[in-house]
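Each chain, letter by letter, is given below.
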Amino acid sequence: MIITVASGKGGTGKTTVATNLAVAVGKGTTLLDCDVEEPNVHLFLEPKNLRKTPITTMIPVVDQDACIQCGACSELCHFSAITLVADELYLFPNMCHSCGGCVMVCPAGALTEGSRELGELEIGQWNDIELISGRLRVGEAMSPPLIERVKEAAEGRELVIVDAPPGTSCPVIAAMNGTHYVLLVTEPTPFGLNDLKLAVEAVRVLGMPFGIVINRADAGDDRVVRYAEEEGIEILMSIPYSRKVAEYYARGRLLVEAMPEMAEAFGGLVEKIRAAVERGTR
Ligand code: SF4
Ligand code: SF4
């Protein structure tokens, strides 16, 4: 089973939920940090035996001397990553989606397959939990291919928990794609509700079972609860807002290790998710 932990915006406690859930389940769990622009699972779970692998992606290489300026590559590329302007061919690497189409259609053999570095794949261990994370190269704009590589590295694992990037754009969809359940973490505030609604729309488009975790549950009002009731969305867990929780969080400590009631709640959360997956809740 693959569970993605997502949120409509950053700072809602998504990584807190993902790490505590992974530790509550323990042995046999693989935790993926797919927030590749700003991975921070390692701040809570410091990996041991870390292995790093550079991840590259295909990019076309242009031989300007061989190019006959036919424009076939430029016409084919939907992303305008390769463009013929006034008999000169321009390549914009950060816009290239590595589909390879331009190389295939070039009649003059002027395009060949090269590679550019996307970032690094990091695989390590924290107690009985396998940690796999991606770290995007500084200046690199294409995070979905790296997210896909992180997920590929966990194929065949029994229970995978994915810490998704924040928001509702392409990287989040890449992280959610192919998972069995999406856990949306939110806060009981007007901003939290607004971002939750956007996240719910995105998950509903993908047609995946999902539910809500309310973080800092005592800090706002009941509008998230009312919204969930109106929309028929299950609230699986509420994390209280207290000085104790805030202190543990600020020190990078795990709630499930410091607070027995949280260990019980997170242990129950995975069982609720299993039940929801079996029911196919949407
Ligand atoms: S590989 Fe695909 S996305 Fe990249 S330049 Fe060629 S056609 Fe465009
Ligand atoms: S398809 Fe090949 S020959 Fe035609 S413009 Fe592109 S690189 Fe040049």
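Look above for the structure.
Residues numbered from 1 in each chain as written. Chains lettered and ligands numbered in written order. Predicted model: local features only at pLDDT ≥ 70, side-chain atom pairs only at ≥ 80, totals over all residues.

Focus on the sheet that holds strand β9 (residues 181-186)
Note the threshold: DSSP calls a pair of strands paired once it identifies at least 2 bridges connecting them. The helix and strand labels rest on DSSP assignments: H or I over at least four residues marks a helix, E over at least two residues marks a strand, and numbering proceeds from the N terminus. Fitting a line to C-alpha atoms yields each axis, with helices limited to the stretch in contact; the angle taken between N-to-C directions then spans 0 to 180 degrees. Working definition of a contact: two residues with C-beta atoms, positioned from the backbone, lying within 7 Å.
The strand order across the open sheet built from 9 strands is β3-β6-β7-β2-β8-β1-β9-β10-β11, with neighbouring strands paired in mixed fashion. Since the sheet does not close on itself, it has two edges, and those belong to β3 (48-62) and β11 (235-238), each with one partner. Each strand of the sheet is rotated relative to its neighbour by a mean of 20°, with strand direction disregarded. Pairing of β3 with strand β6 (residues 111-126), which is carried by 13 bridges, proceeds in the antiparallel orientation. Paired with Pro54 across the bridge in β6 is Glu120. The sheet strands contacting helix α5 (residues 144-152) are β2 (29-33), β3, β6 and β7 (129-136), and the helix crosses β7 at an angle near 165°. Where helix α7 (residues 190-206) meets the sheet, it contacts β1 (2-6), β9 and β10 (210-214), and its direction lies at approximately 170° from that of β9.

Focus: the site of ligand 1
Put simply, the test is: Residues are counted as near a molecule or strand when the C-beta atom, derived from backbone positions, lies within 6 Å of that molecule or strand. The residue classification treats Ala, Val, Leu, Ile, Met, Phe, Trp, Tyr, Cys and Pro as nonpolar and Asp, Glu, Lys and Arg as charged. All others, Gly included, are polar.
In the neighbourhood of ligand 1, 13 residues make up the surrounding shell, with Cys77, Ala81, Cys96, Cys99 and Cys102 lying closest. The class makeup of the residues in the shell around ligand 1 is 9 nonpolar, 4 polar and no charged.

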